[in-house]
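# Coordinate analysis (summary)
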Protein chains: 2
Amino acid sequence: MHKTQYLIIFIFLAICQISFSQKAVSEELRPIVGLEPGIPQDEAAFFIKAVFEHSLTKGNCHSWLKYLSDEIGGRLAGSPESLEAVDYTYNVLNRIALVDTVYKQECRVPRWVRGDEEIVEIRNESETRRLKALALGNTIGTGEEGLEAEVIEVFSLDTLHILGREAIEGKIVFFNRPMNMARINTGYAYGEAVDQRVHGASRASEYGAVAVLVRSMTTNRDDFPHTGVQTYAEGIEPIPSIAISTNDADYLSNALKEVPLTVYMRNTSQILPDTISYNVVAEIRGSEYPDEIILVGGHLDSWDVGGGAHDDGSGCVHSMQVFHTLDALDYRPKRTLRCVMFMNEENGLGGGKTYAEESNRRGEFHLAAIESDSGGFSPRGFGCSAEPDVFPKYLAKLQSFDVFFDPYDLYLKPGGGGADINPLKSQGGLLIGFKPDGQRYFDFHHTTEDVYRNVNERELKLGAAAITSLVYLIDQAGL
Amino acid sequence: MHKTQYLIIFIFLAICQISFSQKAVSEELRPIVGLEPGIPQDEAAFFIKAVFEHSLTKGNCHSWLKYLSDEIGGRLAGSPESLEAVDYTYNVLNRIALVDTVYKQECRVPRWVRGDEEIVEIRNESETRRLKALALGNTIGTGEEGLEAEVIEVFSLDTLHILGREAIEGKIVFFNRPMNMARINTGYAYGEAVDQRVHGASRASEYGAVAVLVRSMTTNRDDFPHTGVQTYAEGIEPIPSIAISTNDADYLSNALKEVPLTVYMRNTSQILPDTISYNVVAEIRGSEYPDEIILVGGHLDSWDVGGGAHDDGSGCVHSMQVFHTLDALDYRPKRTLRCVMFMNEENGLGGGKTYAEESNRRGEFHLAAIESDSGGFSPRGFGCSAEPDVFPKYLAKLQSFDVFFDPYDLYLKPGGGGADINPLKSQGGLLIGFKPDGQRYFDFHHTTEDVYRNVNERELKLGAAAITSLVYLIDQAGL
């Protein structure tokens, strides 16, 4: 070949290299080089395409989540880990150039510590069998010696009233109604069953029970106990409450069909005095309508076991990724954008309540508040709610965005919000819950398995892209 | 309390026990005891609700899949394992009372065997580094001694033409264009990259290459080589082709930037004479329109590594679950339903072609053919296609089913079919591809990781329920 031929080949290969090497893909934001079939071809569609492309190829949310989940770990409100997470996310947000201000917003939170590893043992004449157990959040302990009592199995809170004090007094009440695995929506099934966990101890205590055991909240049969919050009603004598795995709940239930059983329980959980913690709030001031706030957030606290990866590290890093992506795409919002890491969703909502109180005190208006608190799974869409007088208007506007979400198979539907943003409803804006696929959520929820390795990087990034796209559309079009 | 009070309590508790115990849920088909919000309240909606409930609580597809994947394992066409899978699924289908006939349909398939564990080593003066490798399906071997040659990296098939024989002759061509991780649809990204794997060896051979290495087809950076089919064009001198993991492809690519390298490759794969295998076909004769066939199927063969759990054990057990559920719900179809386990999708399509030829010979009409061959993930919907003259009519009818699928967030869209059912298109019916969430598919596709533990039981069962619902609607409403 002639030298010029070699030169042409060299140039061609250099172009190939730039076009196709992973390095080039990941180190610069490439212009959109071709749309997949079905994407509408106008400016907003192109921007949204760029959002997905940036999130998938240059998003950082997976590395932030790995740090939160694997390095910091479980971060119950009031714990040293939760404060470490406050500092970490403050610093991540502070490094995003587009952000005007970041601050820590003080809030009061309860302080509960689990204590020693829990012991729950079936004791009868022939054998002792240890069950996989986790104390429920905010429970008292049994005392150092533990307690032992006969077990009575029930399937609903109201059964206690029918059984009466005579049948319950001095016993351990075992709440064993399973989540209905026939439900398509696992969150709905959770809602149907979780009264046993939240109110079981309070209700059983009314009838003289000495403690409660609760079947774990999952559609699976497995060996992981699921913790979660329980609350004591005013004026009720508190009693210890501990969750056991679904396999062990089935075992105990079957054993109780044969013969009355006593169970030994020991946990050294402690309720300490309330303490101070923080929401982390980052703001990008709007250029045209600064008084219309669009909030995106998740909760920074998690249960102490596991790493709070899906619940709700994912929601936190989704929200930070929204700002990171808008910054990378050099987007200047018309409305004021806030990214909020809420504290204490799991066992008190101290952060969410404080945020809304402060916001109301300042006379702010949140046009839209989006919460991601359903895990880091593949995005399915958004559910929304608002005060009845304004909801139809918002819903109609939101559904006009369908054309942009259809190519990504994302829906926008009535019904949804989030525990941390719900106190903002009275401001008259729209509340939106991000809805990822929920089929695997209760495989991990509130267990030692809720760790980074159980989050899929692409699914996490697609969730961030979906939320970023919605923030962009609301900012552009208003509501 | 009085004795009558105890009696009332006893009866109440007995009722609670029946209503809420898992045993009751799993041992009988309960009537629908309450709809989740948003489900339309008419007969079809109720039936579909019962389909989902049966699949989730009494479906067997997970246990069939565990057997196919963990007990039988990888089952490439022509292998003893593939014949074991034929017998196993024949027997499962034969035990379903609703089924009128089950038969094995003979088909000719290629026979390829992998041979010894593949060796791919970078050899330079300072070190030898072994790469994670799998021979591509239908490749020849290198011979016992292996081969060693200089490596030339390219990013597309057409680059070969530009480089010409002088640059390629005697070398190993390394195809290293990554799947575009910015694509939302991973299948689309696969389609953009897979020409390197399928045609790389043939094309490189034209220019005198001695072998090819191919970057694995996945959006991930990981250590699993992905096998898959490659084909030799007519009249081309066959050369060996081997896939390497994406991490090792990146390593090799970076190393090549420094210095020319030689690689040693050894595989003892063999192409044996074609052999006989079987599709498994089960039929339920329609009561009103027996000549209108609705087919549901997957492919029974898989790659020899891993257990073919997502690809395509899931599609097979989805299809068998359709019949199992319709049987359990005592459904009598108006149209003829066929459940087909296709053989040899992966490396020849012998089963799909034979099925269509036989069907055409008998003058049959497949009103609809549904294939599940995209994994056992959470269902997203269905894509469909047909001959242009009939497609608009079918699509309109199909979209009238939206009302039934909306509560399950399932879409029905143009675009889709399946490799095994595509030869039926000329009969003028509708081809439908089941579309589960595809984000994790290429984490496992054609690797040792495609095993049962990487399939989620609920997601698998929901897929089966979605397909069953579509079969029911088409059977009821026609097209």
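Residues numbered from 1 in each chain as written. Chains lettered and ligands numbered in written order. Predicted model: local features only at pLDDT ≥ 70, side-chain atom pairs only at ≥ 80, totals over all residues.

### Concerning the overall build of chain A
Note the cut-off: Numbering goes from the N terminus for both helices and strands, where a helix is a DSSP run of H or I of at least four residues and a strand is a run of E of at least two. Radius of gyration here uses only the C-alpha atoms, and the compact-globule reference equals 2.2 Å multiplied by the residue count raised to the power 0.38. Buried residues are those with 20 or more other C-beta atoms within 10 Å of their own C-beta, exposed residues have 12 or fewer, and partly exposed residues lie in between; C-beta atoms are placed from the backbone. We call two residues in contact whenever the C-beta atoms placed from their backbones are within 7 Å.
The secondary structure content of chain A amounts to 15 helices and 16 strands. Taking 2.2 N^0.38 as the reference for a compact globule, 479 residues should give roughly 23 Å; the C-alpha atoms of chain A span a radius of gyration of 25 Å, in line with that estimate. With the C-alpha coordinates aligned to their principal axes, the bounding extent of chain A is approximately 95 × 60 × 40 Å. Out of the 479 residues in chain A, the part that is buried amounts to 55%. The contacts in chain A between residues at least 6 apart in sequence include a share of 82% that link residues at least 24 apart.

### A word on the relation of the copies chain B and chain A
Definition in use: Superposition of the copies was done by least squares, using only C-alpha atoms of residues whose pLDDT is at least 70 in both.
Least-squares fitting of chain B to chain A yields an RMSD of 0.0 Å, with the transformation described by 0.0 Å of translation along the axis and a rotation of 180°. Taken together, the rotation and translation describe the operation of a two-fold axis. Both copies present the same face, since 97% of the interface residues in chain B are matched by interface residues at the equivalent positions in chain A.

### Observations regarding the confidence of the model for chain A
Residue and element names in this part refer to chain A. The line we're drawing: As a per-residue quantity, pLDDT reports the predictor's confidence and falls between 0 and 100.
Confidence along chain A averages 92 in pLDDT terms, with 91% of residues attaining 70 or more. When the criterion is pLDDT under 50, residues 7–35 qualifies, and its contacts beyond four places in sequence or with other chains add up to 24 contacts. In the predicted assembly, ipTM is 0.89 and pTM is 0.91.

### Some points on the pairing of strand β8 (residues 241–244) of chain B
When a strand is regular, its side chains alternate between the sheet's two faces. Residues and elements named next belong to chain B. Convention followed: In short, DSSP must find at least two bridges between two strands for them to pair.
Of the two faces of β8, both are covered, the one formed by S241 and A243 as well as the one formed by I242 and I244. Across three bridges, strand β4 (residues 133–135) lies against β8 in antiparallel orientation. Bridge assignment links A135 to a residue of β8, and that residue is I242. Sheet topology note: the strand β7 (residues 211–215)/β8 ladder contains four bridges and is parallel. What sits directly across from V212, in β8, is S241.

### Re the interface of chain B and chain A
Quick reminder of the rule: Nonpolar residues are Ala, Val, Leu, Ile, Met, Phe, Trp, Tyr, Cys and Pro. Charged residues are Asp, Glu, Lys and Arg, and all others, Gly as well, are polar.
Facing the 38 residues of chain B at the interface are 38 residues of chain A. Breaking the side of chain B that touches chain A down by element, the ones donating at least two residues are α1 (3–20), α3 (43–58), α6 (159–168) and α15 (457–477) of chain B. A class-by-class count of the residues in the side of chain B that touches chain A yields 17 nonpolar, nine polar and 12 charged.

### Some remarks on unusual backbone geometry
Negative phi is the rule for most residues except glycine; trans is the rule for most peptide bonds. Note that the residue after D311 of chain A, namely D312 of chain A, is joined by a cis bond; omega there is 0°. On the secondary structure map, D312 of chain A appears in helix α10 (residues 309–328). Residues other than glycine seldom take positive phi values, yet N138 of chain A does so here, at roughly 75°. Mapping N138 of chain A onto the fold places it in the loop between β4 (133–135) and β5 (147–154). We note that H446 of chain B has phi near 65°; this positive angle belongs to a residue other than glycine. Tracing the sequence through the fold places H446 of chain B in the loop between α14 (441–444) and α15. The exposure class of H446 of chain B is buried, given the 29 C-beta atoms found within 10 Å.

### Thoughts on the domain arrangement of chain A
One widely used convention gives an interface's size as the accessible area the parts lose upon coming together. Residue and element names in this part refer to chain A. Let me state the cut-off plainly: Note that the domain bounds were set by an automatic or database domain assignment.
Each assigned domain of chain A is listed here: domain 1 (43–111 + 273–477) and domain 2 (115–268). Relative to domain 2, the C-alpha centre of domain 1 lies at a distance of 33 Å. Opposite the 15 residues of domain 1 that make contact, domain 2 presents 16 residues. Per-element accounting of the side of domain 1 that touches domain 2 gives the leading share, three residues, to helix α14 (residues 441–444). In terms of residue class, the side of domain 1 that touches domain 2 is built from five nonpolar, seven polar and three charged.

### Details of the sheet that holds strand β1 (residues 101–113) of chain B
Residue and element names in this part refer to chain B. For clarity, the cut-off: Note on method: axes are straight lines fitted to C-alpha atoms, helices fitted across the in-contact stretch only, with angles between N-to-C directions ranging 0 to 180 degrees.
Taking strand neighbours across the sheet as the criterion, the eight strands line up as β1-β10-β12-β11-β13-β16-β14-β15 in an open arrangement whose pairing is mixed. Two strands close off the open sheet at either side, each with one partner strand: β1 and β15 (411–414). This sheet shows a mean twist of 20° between the axes of neighbouring strands, independent of strand direction. Bridge count between strand β11 (residues 289–299) and strand β12 (residues 335–342): eight bridges; the pairing is parallel. In the sheet register, V296 faces β12, and the bridge partner there is C339. Against the sheet, helix α10 (residues 309–328) contacts β10 (270–284), β11, β12 and β13 (365–371), and its axis sits at roughly 145° relative to β11. Packed on one face of the sheet, α15 meets β11, β12, β13, β14 (379–385) and β16 (430–436) and runs near 165° to β11.

### What about the packing of helix α4 (residues 61–72) of chain A against helix α5 (residues 80–94) of chain A?
Two quantities define a packed helix pair, namely the angle between the helix axes and the distance between the axes. All names here are of chain A. Note the cut-off: For this classification, under 35 degrees means roughly parallel, over 145 means roughly antiparallel, 65 to 115 means roughly perpendicular, and everything else is oblique. By convention the crossing between two helices is left-handed if the near helix lies anticlockwise of the far one by an angle smaller than a right angle, and right-handed if it lies clockwise.
At their nearest, the axes of α4 and α5 sit 11 Å apart, and the two run at 160° to each other. Between α4 and α5, the angle is such that the two are roughly antiparallel. The crossing of α4 and α5 is right-handed. Along the contact surface, α4 presents W64, Y67, L68 and I72, while α5 presents E81, E84, A85, Y88 and V92. Across the contact of α4 with α5, the residue classes tally to seven nonpolar, no polar and two charged.

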